[in-house]
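The chain contents come next:
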Amino acid sequence: MQNKEFIKTWVEGKVGVIQLDRPKVLNAINTSMVREIVETAESFDREDDVMVIVIRGDERTFAAGADIDEMAEVDAVTMELRNQFTDWDRLAIVKKPMIAAVTGYAFGGGFELVLCCDMVFASENAQVGFPEVKLGVMPGAGGTQRLTKLVGKTKALEWLWFGDAKPASEAYDLGVINRLFAPEVLFEETMKVAHRLSEQAPISVRLIKESVNKAVDYSVYEGMQYERKNFYMLFATEDQKEGMAAFKEKRKPHFKGK
Ligand code: CO8
């Protein structure tokens, strides 16, 4: 096992595992954690003995979103200059299969990470969603594009506009989750599938992924550039500051529409 600051990683058979590891803040994803995830996924991608990558949270939760403390005071221009989403772009071009194992919450940036994966397994008591609208922002790492490709425009809009957490069973019915498992066997069952996939012909698996992604995501890149500008733009609003301040102060936000 190799520990980094915000993740744990190890290899079991031909499966590389990345475990998010910030339990005190429900694995909230900060920019350093994203960098660690991406660099590890890329190193598994290069590693001859690793065929499949599994991304998981801990027993309690996958990730309750991007780190609100890190984002709350940032302005739009800083975000544009930081260009942090290029790390997410790197994750999207990993060639080996990535499987998400979702426990507890996968919200906001956590759900974006799930949607970056090729297959999603979840515990029956998991919840997924994009609560960003409640903070006066929106998904910024591809969520509006990937969710819409998966569930269609009308269902995506309803989900995103209200920011509801959906139970895993509903996300399964919508085709967002491949399989549901009892919480106590989720990781074991996910690893079984990952091991099985790791025995398939590697080049076939790789090229099938590439081809399916082309079919599904051909115009996602352009969509994400558009999404990114809108995400940055929201950091120029008072409502974003209010939404995140209200979260930190544990009160209801008062949005003004400016
Ligand atoms: N960021 C920072 N800290 C968090 C976050 C978060 N996203 N989520 C939870 N925490 C912290 C809490 O502040 C709390 O800390 P403390 O103990 O110091 O008060 C601790 O984790 C435990 O959380 P709660 O006490 O709130 O636990 P509950 O079980 O009562 O509630 C919830 C769990 C419902 C998940 C609740 O924590 C919650 O609503 N969290 C925020 C969910 C959210 O709004 N996520 C979206 C964030 S915005 C986003 O993801 C934008 C994505 C943009 C692109 C990605 C860039 C990386």
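Looking at an unreviewed UniProt entry, the protein carries the name Enoyl-CoA hydratase, with the source organism given as Exobacillus caeni. Annotation of the protein in UniProt includes, under Sequence similarities (unreviewed entry), the sentence "Belongs to the enoyl-CoA hydratase/isomerase family."

1. A few points about the pairing of strand 2 (residues 7–12)
Strand direction decides the pairing type here: strand 1 (residues 2–3) and strand 2, joined by two bridges, are antiparallel. Looking across to strand 2, one finds that Asn 3 is bridged to Lys 8. The hairpin formed by strand 1 and strand 2 contains three residues between the paired strands. Judged from the six bridges that link them, strand 2 and strand 3 (residues 15–20) form a sheet pairing that is antiparallel. Across the sheet, the residue bridging to Trp 10 is Val 17, located in strand 3. Where strand 2 folds back onto strand 3 in an antiparallel hairpin, the turn is made up of two residues, including Gly 13, whose phi is positive at roughly 60°.

2. With respect to the sheet that holds strand 6 (residues 105–107)
Taken in spatial order, the three strands line up as 6-8-9 in an open sheet, and their pairing is mixed. Only two strands of the sheet have a single partner each, and these edge strands are strand 6 and strand 9 (166–167). Bridge count between strand 6 and strand 8 (residues 127–129): three bridges; the pairing is parallel. In the strand pairing of strand 8, Phe 107 is matched with Gly 129. Along the sheet, helix 5 (residues 109–116) contacts strand 6 and strand 8; its crossing angle with strand 6, the most-contacted strand, is approximately 90°.

3. So, the packing of aromatic side chains
On inspection of all chains with the given rule, the structure shows eight aromatic pairs. A centroid spacing of 5.0 Å and a plane angle of 35° characterise the contact between Tyr 105 and Phe 107, whose relative ring orientation is tilted. We classify Tyr 105 as partly exposed; its relative accessible area is 32%. By way of ring pairs, the aromatic residues Phe 85, Phe 231, Tyr 232 and Phe 235 are connected into one cluster. Over the aromatic face of Phe 187 sits the side chain of Arg 56, whose NZ or CZ is 3.4 Å from the ring centroid. Over the face of the ring belonging to Trp 159 we find Lys 166, whose NZ or CZ atom lies 5.0 Å from the ring centre.

4. Let's talk about the nonpolar core
One finds Ile 55, Val 102 and Leu 147 to be the most contacted residues of the largest nonpolar core, which totals 58 residues. Sorting elements by how many residues they give to this core places helix 1 (residues 31–46) first, with six residues. Split by domain, the residues of this core number at least three in each of domain 1 (7–199) and domain 2 (202–249). Once residues within four sequence positions are removed from consideration, Leu 147 is found in contact with Phe 111, Leu 115, Phe 130, Gly 152, Ala 156, Trp 159, Leu 160 and Val 176. Ranked by size, the runner-up nonpolar core spans 15 residues in total, among them Ile 99, Phe 181, Phe 187 and Ala 194.

5. Quick word on the packing of helix 6 (residues 143–151) against helix 7 (residues 153–162)
Two elements in contact, helix 6 and helix 7, have axes separated by 7 Å at closest approach and are oriented at 135°. If you check the angle between helix 6 and helix 7, you find them oblique. As for how helix 6 packs across helix 7, the hand of that crossing is right-handed. Residues Thr 144, Leu 147, Thr 148 and Val 151 of helix 6 touch helix 7, and the partners they reach there are Lys 153, Lys 155, Ala 156, Trp 159 and Leu 160.

6. Details of the pattern of salt bridges
One pass over the structure, following the stated rule, counts 15 salt bridges. Between Arg 228 and Asp 89 there is a salt bridge whose closest N-O contact spans 3.2 Å. Of this pair, Arg 228 sits in helix 11 (residues 220–234) while Asp 89 sits in helix 4 (residues 86–92), and the two are 139 residues apart along the sequence. Each member of the pair, Arg 228 as well as Asp 89, is classed as buried. A cluster of three or more residues bridged by salt bridges with shared partners is formed by Arg 35, Glu 42, Asp 87 and Arg 90.

7. Observations concerning the side chain of Glu 242
By the element assignment, Glu 242 lies in helix 12 (residues 238–248). There is a polar contact of 2.8 Å between the side chain of Glu 242 and the backbone nitrogen of His 254. Contact partners of Glu 242, with chain neighbours within four places excluded, come to Arg 251, Lys 252, Pro 253, His 254 and Phe 255.

Cut-off values and rules
Residues numbered from 1 in each chain as written. Predicted model: local features only at pLDDT ≥ 70, side-chain atom pairs only at ≥ 80, totals over all residues. Heavy atoms only, no water. UniProt positions renumbered as here; feature names shortened; annotations may be inferred. Pairing = 2+ DSSP bridges. Helix = DSSP H or I, 4+ residues; strand = E, 2+ residues; numbered from the N terminus. Contact = heavy atoms within 4.5 Å. Axes fitted to C-alpha atoms, helices over the stretch in contact; angles between N-to-C directions. Phe/Tyr/Trp six-rings, centres within 6.5 Å; stacked < 30°, edge-to-face > 60°. Buried < 20%, exposed > 50% of the residue type's maximum accessible area, 1.4 Å probe, protein only. Lys NZ or Arg CZ within 6 Å of the ring centre and 35° of its normal. Core = buried A, V, L, I, M, F, W, Y, C linked by side-chain atoms within 4.5 Å. Domains from an automatic or database assignment. Parallel < 35°, antiparallel > 145°, perpendicular 65-115°, else oblique. Left-handed = near helix turned anticlockwise from the far one by under 90°. Salt bridge = Lys/Arg side-chain N within 4 Å of Asp/Glu carboxyl O. Polar contact = N/O pair within 3.5 Å; in protein donor to acceptor, adjacent residues only side chain to side chain.

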